[in-house]
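In case you want the letters, here they are:
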Amino acid sequence: MLIDAATRLLGEGGIDAVTIDAVTRTAGVARATLYRHFGTGTELLAAAFERLIPPVPPAPPQGPVREQLLTLLTSQAKLIENAPLQLTVLSWLGLSLRGSVESEPGAGGQDEERPRLRLLRRRIIEQYRQPFDAILTSDDARATLRSDLDPGTALAQLVGPLIFNRLVTDQPIDEAFCARIVNDFVAANTHDQT
């Protein structure tokens, strides 16, 4: 009931709409009930975000590394382009949740006190990073790309431009845009052929 109310408010009005008062009023429960189940409004917001995030299509199992990366990056671009929620949740997590919800009793700011926040972060890592890690650590990638390539840095080099473009330029992030990113990445990280 509380997650349903928070999810509806988040979908309709964004993060600012998900206040303790709005959620308890929409759900028809007392504040004490919310805090008994979630501890903080941040925990409730994390649960609502988790419910709304659509799954990322898995990476293609076969084919050249470049084609696998292009397919995966293009699917990520479509999510970011068509579902601003992905951008919102990534921004929210990136800002360490500071100022995203009203002051909360007992909110110490530590992830250990926020299991739903940890769960949301874990789900984002699994859904969004794991497919890239699978490609970048594959035998084909080891044979094609530099051996010192860090998958985390590679992910930032591939996905970072999508998010930056969406936030700053608002230009389409279509397959041609993704192809330029992947081509530049592969060219910069291919084994030296000399």
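Source: prediction; values computed, not measured.

Caption draft 1: A look at the overall build of the protein. Scanning the protein for helices and strands turns up ten helices and zero strands. A buried classification covers 44% of the 194 residues belonging to the protein. Within the protein, counting contacts between residues at least 6 apart in sequence, those at least 24 apart form 72% of the total. With an accessible surface of roughly 10,300 Å², the protein has 53% of that area assigned to carbon and sulfur atoms.

Caption draft 2: Representation of the environment of Ser75 in the model. Within the fold, Ser75 resides in helix H5 (residues 65–82). Taking C-alpha positions, Ser75 is 9.1 Å from Glu175, a pair spaced 100 residues apart along the chain.

Caption draft 3: Quick look at the UniProt feature "DNA-binding region" (unreviewed entry) in the protein. In the numbering used here, UniProt assigns the "DNA-binding region" (unreviewed entry) feature to residues 19–38. Between the first and last C-alpha atoms of residues 19–38 the distance is 13 Å; the span itself is 80% helix and 0% strand.

Caption draft 4: Quick peek at a nonpolar patch on the surface. On the surface, Phe164, Leu167 and Val168 cluster together into a nonpolar patch covering about 330 Å² of accessible area. Mapping Val168 onto the fold places it in helix H9 (residues 151–169).

The rules behind each value
Residues numbered from 1 in each chain as written. Predicted model: local features only at pLDDT ≥ 70, side-chain atom pairs only at ≥ 80, totals over all residues. Heavy atoms only, no water. Helix = DSSP H or I, 4+ residues; strand = E, 2+ residues; numbered from the N terminus. Buried < 20%, exposed > 50% of the residue type's maximum accessible area, 1.4 Å probe, protein only. Contact = heavy atoms within 4.5 Å. Areas by Shrake-Rupley, 256 points an atom, 1.4 Å probe, with all protein chains shown as cover. UniProt positions renumbered as here; feature names shortened; annotations may be inferred. Patch = residues over 30% accessible without salt bridge, like charges linked within 9 Å, V, L, I, M, F, W, Y side chains within 5 Å. Salt bridge = Lys/Arg side-chain N within 4 Å of Asp/Glu carboxyl O.

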